[in-house]
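Tertiary structure, described
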Amino acid sequence: MSLGRGVAIFQSTIPTSSEGANRDSRHSHTSKSYADWRDQFATERLRLLYYLGLIANPVFIAADLLLHSEHLVSLILIRSILELGLLSCFFLLRRTTILKPTALVVLWVVIGNFCIVHMTVVLGGFTSTYYSGLNLVFLAAAVIVPISWPSHLIAQFACLAYYYGVNFLHDTASGSINAAIENSFFLVWTCVALLFSISLYERLQRAEFQARQSELNARRDLEASNQKLLDLDRLKSEFFANISHELRTPLTLTLGAFKTLLKLSPGVEHESLLQTGLRNTSRLLFMINELLDLAKFDSGRTQLRKRRVDLAVLIQNVAANFESSQKSRVHTKGLSQPVVIEIDPRQMKKVFYNLFSNALKFSDPEEGQIWIRVNVTERVVELDIEDNGIGIPPAQLQRIFERFTQVEGSASRRYEGSGIGLALAKEIVNLHGGTISVESEMGRGSTFTLKLPCGQVSNEDVLEMDDDEATVLPLASHTQNEEGTADIGSSQSEDNLPLVLVVDDNADMRRYLNRLLRPKFRIVVAKDGVEALEQARSIRPALILTDGMMPRMSGYDLLKVLRSEKSLRWIPVIFLTARAGTDAHVESLEAGADDYIAKPFDENELLTRVGNLIHTRAQEKELRELQKEKMAQFLPSHVADMIVSGDRDEFLNGHRAEISVVFVDLRGFTAYAETAQPEELMAVLKEYQSAIGKIVSQFNGTLERFSGDAIMIFFNDPMPVPNHMEQATRMALAMRERLEQLASHWNTRGIKLGAGIGLAAGYATLGVIGFEQRHDYAAIGRVTNLAARLCSEAQHGQILVCEKFLQGVEDVVDSESAGKLTLKGFEQARHVYNIIRLKEG
Ligand code: ADP
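All values derive from a computational prediction rather than experimental measurement.

1. Describing the overall build of the chain
Within the chain, the secondary structure is distributed over 25 helices and 20 strands. Across the 841 residues of the chain, 45% fall into the buried class. Taking contacts inside the chain between residues at least 6 apart in sequence as the whole, the part at least 24 apart equals 72%. For the chain, the exposed surface amounts to about 44000 Å²; the carbon and sulfur share of it is 55%.

Structure representation (structure tokens):
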């Protein structure tokens, strides 16, 4: 009756629910399953119950013999009927479709107890102790088949009714009645207790069943999705294998074509193009082979073809790929003696190639070095590959051996690479029974250690390395002089071509772009952001065409710096990156790039886009100059600059500042204007305004406006002037001198004109006013009124200031009092002073 057993049965009998069925259908499914399970559980237990009945019944004949031998025949007869009844039901039990298990429980109890009732009749009615047999039957049925309390209730009710009914019919003596009452206590309470127990037990079972059912469903879902993932992974590997295989054929043929063409002694230019093609095709083929190898590892199809090999020669062969003629960067130790070992040379070549190329790739292009050390012991060949490169963060040391993994968040993300190399190297080394590990220090370098088991290998029949042509290793890109770079201004006709700065860390790509753009532009190249920034600062190119991912400084970082520097901000930038897709596009434009082109690109499209952008930028510049020129007719040139560049829009829109205001006006001009000829009047005004205009720009004042003979100039805005009061005074003195000359000149022509000047300092609101076609830079405040009033009070040759202004300049000028004046618009009379001259010395 253990729960555990029940659960075990249910696990084996629950029908599978269909995948993806919703919760409701699952719920109804659960109840149905519970009913099924309960029936099966009951059937198994019923078998036990019937066995028990069939065995116990004859055994009790012994008790009959001992206790009631006088009624033995009747008792045996009843027991025979009982045995027969049980046997017939047992037969029915084996064919459960005829009767439900609950009915069979009821039958078992009823048959057993009806026979016991007849035994009590034979043995003295209610006084017979055989009535305890009834309890025994109730108990056995409830304990062994604890399901469906209503069935047990029906059986109990029928049995008790039969017991009391039959015995009352046979025996109504008063002693019997007492015995009947006494027996009832035990019988009824046993039945009630059993019914409770069955009901509680069944509730517990149902809850347990449902919990198990949900757990099972969840496990089944998980298994289904695991299976799906496994299928997907298998499909992916198969696809990889197929597509890589398909790609290999055309690439191998292309490689062959390049090699054949190179043997036909092409010219220098063509040879260089063919070399580029050969180098990059071999690189592509190498990467595709790596993918194919990974797929093979996944499917377990990789088999090593071990040969007896001189490891020293193998390593030297691979290392030779990385040596350039100019400078030795690869240093070896322990390779002078043969190191004979049994390995698969083709696979091992790939391991060495990956380790050596990483060591150089993640090191400084100029200073990077690698040291290869081989140490042979009796059982192991140990190989160290050390570099002095950028290093690997400790937290990432294990991750880098996982597939498609590149060190995150560090500069190495900017290097080209697929993240396959080390994963593949690890698989190959492990397949050889060896290990690969790494130690590294950030900024100082990394050491990869490879241990390969060797054992005793004879030096005979060692494979000649030249035999193995099958492993295609990418050819190294030798540093050639960049063609045609930095030839700024090399010939007269090229001088006029726009200058384009090409930035890419891949030398082949730089050469290719150079060749492509050279007919239409002058080209300068840089191999990373740092170099590009230096170039941009010194040569100010018309456009920058940059790769995104580069060592030292990426294209994105370069763009950030360009946009933050005022003198470089205007340079248009086109991103040329291998990262295709809308995200990369949006990212580039958001970073501030003017355009974005994904590799591989159409040559004509690239040329057109570069040309268009340069042309548009030049037109914009021209337009700005034109606008500035126009504005400068009406505005001080620095204000015009500000408006056109859009640099300080907020500032120009209105702000408060302390300024010095100079107001100049001609004396006798109204009278003269009434009598003079318009042409003559215009000529006089022109002479006057041009003389004043020159002095204003000489002293860096801001000319607010000419209105007839009145001119207003202010200082300290928009360009700050540290000692603006003194500067304004010096300008006023210079003006007075010039106006003296003009006045005597006009006098000789019979024109009687003089000029007065007013000076004041204080706070005003300043900004650009007007509309698109006509702007003015205006100052509004009491200070301008004060200067205008002082000017109108000034006699010819006078420069009038108030006391406050004089205090600001009295160290530099001599002055005299001009009395106390009540100025229009100002309530109190003020002491006014005339500035005579600059102080001596
Ligand atoms: P990848 O194609 O990116 O070079 P690998 O599997 O060969 O892929 O290397 C995985 C990553 O491990 C690299 O992207 C790099 O971040 C790091 N790594 C490998 N070798 C070195 C090294 N010698 N120095 C610094 N980092 C390295």
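On we go from here.
2. Some points on the packing of helix α9 (residues 268-299) against helix α11 (residues 345-361)
In contact at an axis separation of 12 Å, α9 and α11 are set at 120 degrees when each is read in the N-to-C sense. By the angle between their directions, the pair α9 and α11 is classed as oblique. For the pair α9 and α11, the crossing hand works out as left-handed. Residues Phe286, Glu290 and Asp293 of α9 touch α11, and the partners they reach there are Gln347, Lys350, Tyr353 and Asn354. Taken together, the residues that form the contact of α9 with α11 break down as two nonpolar, two polar and three charged.

3. Remarks on unusual backbone geometry
Leaving glycine aside, a negative phi is the common case for residues, and trans is the common case for peptide bonds. Backbone geometry at Ser148 places phi at a positive 50 degrees, although glycine is not the residue there. Considering the arrangement of structural elements, one finds Ser148 in the loop between α6 (132-144) and α7 (149-170). Residue Ser148 is classed as buried on the basis of its relative accessible area, which comes to 9%. Positive phi, normally seen in glycine, also occurs at Arg540, with a value near 45 degrees. Looking at where Arg540 falls in the secondary structure, it is placed in the loop between α15 (529-539) and β10 (543-546). The exposure class of Arg540 is partly exposed, given its relative accessible area of 39%.

4. Focus: the site of the ligand
As a structural note, the neighbourhood of the ligand is formed by 20 residues, with Asn358, Asp387, Gln406, Ser418 and Leu422 the closest of them. Backbone polar atom of Gly421 to an oxygen atom of the ligand: 3.3 Å apart, as the coordinates give it. Here an oxygen atom of the ligand and a backbone polar atom of Leu422 are 2.8 Å apart. Counting residues per element, the ones that place at least two in the shell around the ligand are α11, α12 (421-431) and β7 (445-453).

5. Quick notes on the packing of helix α22 (residues 678-698) against helix α23 (residues 724-748)
In the contact formed by α22 and α23, the axes pass within 10 Å of each other and the chain directions differ by 155 degrees. Taken together, the axes of α22 and α23 are roughly antiparallel relative to one another. The two elements α22 and α23 cross, and the hand of that crossing is right-handed. Every residue of α23 that contacts α22 at Val684, Glu687, Tyr688, Ala691, Ile692, Ile695 and Val696 is listed here: Met731, Ala734, Met735, Arg738, Leu739, Leu742, His745 and Trp746. Residues that form the contact of α22 with α23 fall into these classes: 12 nonpolar, one polar and two charged.

6. Quick notes on the sheet that holds strand β9 (residues 522-526)
The strand order β9-β8-β10-β11-β12 describes an open sheet built from five strands, whose pairing is parallel. The open sheet has two edge strands, β9 and β12 (595-598), and neither has a second partner. The mean angle between the axes of side-by-side strands here comes to 20 degrees, regardless of whether they run parallel or antiparallel. Direction of pairing for strand β8 (residues 499-503) relative to β10: parallel, over a ladder of four bridges. Along β10, the bridge assignment pairs Val500 with Leu543. Lying over the sheet, α15 contacts β8, β9 and β10, oriented at roughly 140 degrees with respect to β9. Of the strands in this sheet, β8, β10 and β11 (573-577) are in contact with helix α16 (residues 555-564), which crosses β11 at around 175 degrees.

7. Comments concerning the pattern of salt bridges
This structure, assessed with the given rule, holds 27 salt bridges. Between Asp594 and Arg617 there is a salt bridge; the shortest N-O distance is 2.7 Å. Taken together, the residues span a long stretch of sequence, with Asp594 in the loop between α17 (582-590) and β12 and Arg617 in helix α18 (residues 603-632) at a distance of 23 residues. In this structure Asp594 comes out as partly exposed when scored by relative accessible area, which is 26%. Here Arg617 falls in the partly exposed class, since its relative accessible area comes to 22%.

8. A look at the sheet that holds strand β2 (residues 330-333)
Within the open sheet, the five strands sit side by side as β2-β4-β5-β7-β6. Their pairing is mixed. Since the sheet does not close on itself, it has two edges, and those belong to β2 and β6 (435-441), each with one partner. Here the strands of the sheet are splayed against their neighbours by 15 degrees on average, with no regard to which way each runs. Summarising the sheet, β2 and strand β4 (residues 370-376) pair through four bridges and their orientation is parallel. Residue pairing across strands places Val330 opposite Ile370, the latter belonging to β4. Contacts from helix α10 (residues 311-320) reach β2, β4 and β5 (380-387), with the element oriented near 170 degrees to β4.

9. Some words on the side chain of Thr546
Tracing the backbone shows Thr546 in strand β10. Residue classification places Thr546 among the buried positions, given a relative accessible area of 0%. Contact partners of Thr546, with chain neighbours within four places excluded, come to Val503, Gly555, Leu558, Val573, Ile574, Phe575 and Leu576.

10. Notes on α15
Looking only at α15, the buried set comprises Gly529, Ala532, Leu533 and Ala536. Buried residues of α15, seen end-on, are gathered within an arc of 100 degrees and therefore sit on one face of the element. Opposite the buried face of α15, by more than 90 degrees, sit the exposed residues Glu534 and Ser538. Those residues of α15 that are buried lie in contact with β8, β9, β10 and α16. Capping the start of α15, Asp528 holds a side-chain oxygen 3.1 Å from the backbone nitrogen of Val530, two or three residues further along.

11. Overview of the side chain of Asp595
Counting through the fold element by element, Asp595 comes out in strand β12. With a relative accessible area of 17%, Asp595 lands in the buried category. Polar side-chain contacts of Asp595 include one of 2.9 Å to the side chain of Arg609. In this structure Asp595 touches Val573, Ile574, Phe575, Leu589 and Arg609, once residues within four positions along its chain are discounted.

12. Description of the confidence of the model for the chain
Fine structural detail should not be taken from predicted coordinates in areas where pLDDT scores are low. Scored by pLDDT, the chain has a mean of 83; 85% of the residues are at 70 or more. This stretch, residues 486-492, has a pLDDT under 50; its non-local contacts, to residues over four places away or in other chains, come to 11 contacts.

13. Quick look at a positive patch on the surface
Taken together, Lys296, Arg301, Arg305, Arg307 and Arg346 make up a surface patch of like positive charges. Mapped onto the elements, Lys296 comes out in helix α9. Residue class for Lys296 comes out partly exposed when judged on its relative accessible area of 31%.

14. With respect to the nonpolar core
Core analysis: the biggest nonpolar cluster contains 52 residues, and Tyr50 and Trp108 have the highest contact counts within it. Only α2 (23-59), α4 (72-93), α5 (101-122), α6, α7 and α8 (174-263) provide two or more residues apiece to this core. Considering every element that reaches this core, the biggest residue donor is α5, with 11 residues. Non-local contacts of Tyr50, meaning those with residues more than four positions away in its chain, are made with Leu86, Cys89, Phe90, Leu93, Leu104, Leu107 and Trp108.

15. A word on the pairing of β8
Counting buried positions along β8 yields five of five residues, so the element is predominantly enclosed. Residues Leu499, Leu501 and Val503 point to one face of β8 and Val500 and Val502 to the other, with burial holding for every one of them. Sheet topology places β8 next to β9; five bridges connect them, and they run parallel. Pairing of Leu499 across the sheet is with Arg522, part of β9. In this fold, the crossover linking β8 to β9 by way of helix α14 (residues 507-517) has right-handed handedness.

Rules used in this analysis
Per chain, residue numbering runs from 1 following the sequence as it is written. pLDDT decides what is reported in this predicted model: residues at 70 or higher carry local features, side-chain atom pairs at 80 or more are listed and counted, and totals for whole chains, interfaces and linings draw on all residues regardless. To get the side-chain values, all heavy atoms of the structure are used, and hydrogens and water are removed first. Here a strand is any run of E in DSSP of at least two residues, a helix any run of H or I of at least four, and the numbering for each starts at the N terminus. For every residue, the accessible area (1.4 Å probe, protein chains only) is compared with the maximum for its type, and the residue is labelled buried under 20%, exposed over 50%, or partly exposed between those bounds. Any pair of residues with heavy atoms lying within 4.5 Å of one another is described as a contacting pair. Only the protein chains shown count as cover for residues, and the accessible areas themselves come from Shrake-Rupley with a 1.4 Å probe. For helices, the fitted axis covers only the stretch in contact; all axes are lines through C-alpha atoms, and the angles between them, taken along N-to-C directions, range from 0 to 180 degrees. Roughly parallel covers angles under 35 degrees, roughly antiparallel covers those over 145, roughly perpendicular covers 65 to 115, and oblique covers all other angles. With the far helix as reference, a near helix turned anticlockwise by less than a right angle produces a left-handed crossing, and one turned clockwise produces a right-handed crossing. Residues were grouped as follows: Ala, Val, Leu, Ile, Met, Phe, Trp, Tyr, Cys and Pro as nonpolar; Asp, Glu, Lys and Arg as charged; and all remaining residues, including Gly, as polar. Distances are taken per atom, and a residue is near a molecule or strand as soon as one of its heavy atoms is within 4 Å of it. Throughout this description, a polar contact denotes any pair of N or O atoms lying within 3.5 Å of each other; where both atoms belong to protein, one of them has to be capable of donating a hydrogen while the other can accept it, and for residues adjacent in sequence the pair is counted only when both atoms sit in side chains. Two strands are counted as paired when DSSP detects at least two bridges linking them. Each reported salt bridge corresponds to a side-chain nitrogen of Lys or Arg within 4 Å of a carboxyl oxygen of Asp or Glu. Each C-beta atom gives one direction from the helix axis, and the arc is the one those directions make. Every residue gets a pLDDT, meaning the predictor's confidence in that residue, from 0 to 100. Excluding any residue in a salt bridge, patches collect residues exceeding 30% relative accessible area, merging like charges within 9 Å and nonpolar Val, Leu, Ile, Met, Phe, Trp and Tyr side chains within 5 Å. Counted charges follow a simple rule, with Lys and Arg positive, Asp and Glu negative, and His plus the chain ends left uncounted. Taken as the charge centre is NZ of Lys, CZ of Arg, CG of Asp or CD of Glu, depending on the residue. By nonpolar core is meant a set of buried Ala, Val, Leu, Ile, Met, Phe, Trp, Tyr and Cys residues that side-chain atoms within 4.5 Å join together. A clockwise path from the first strand over the helix to the second, with the strands pointing away from the viewer, defines a right-handed crossover.

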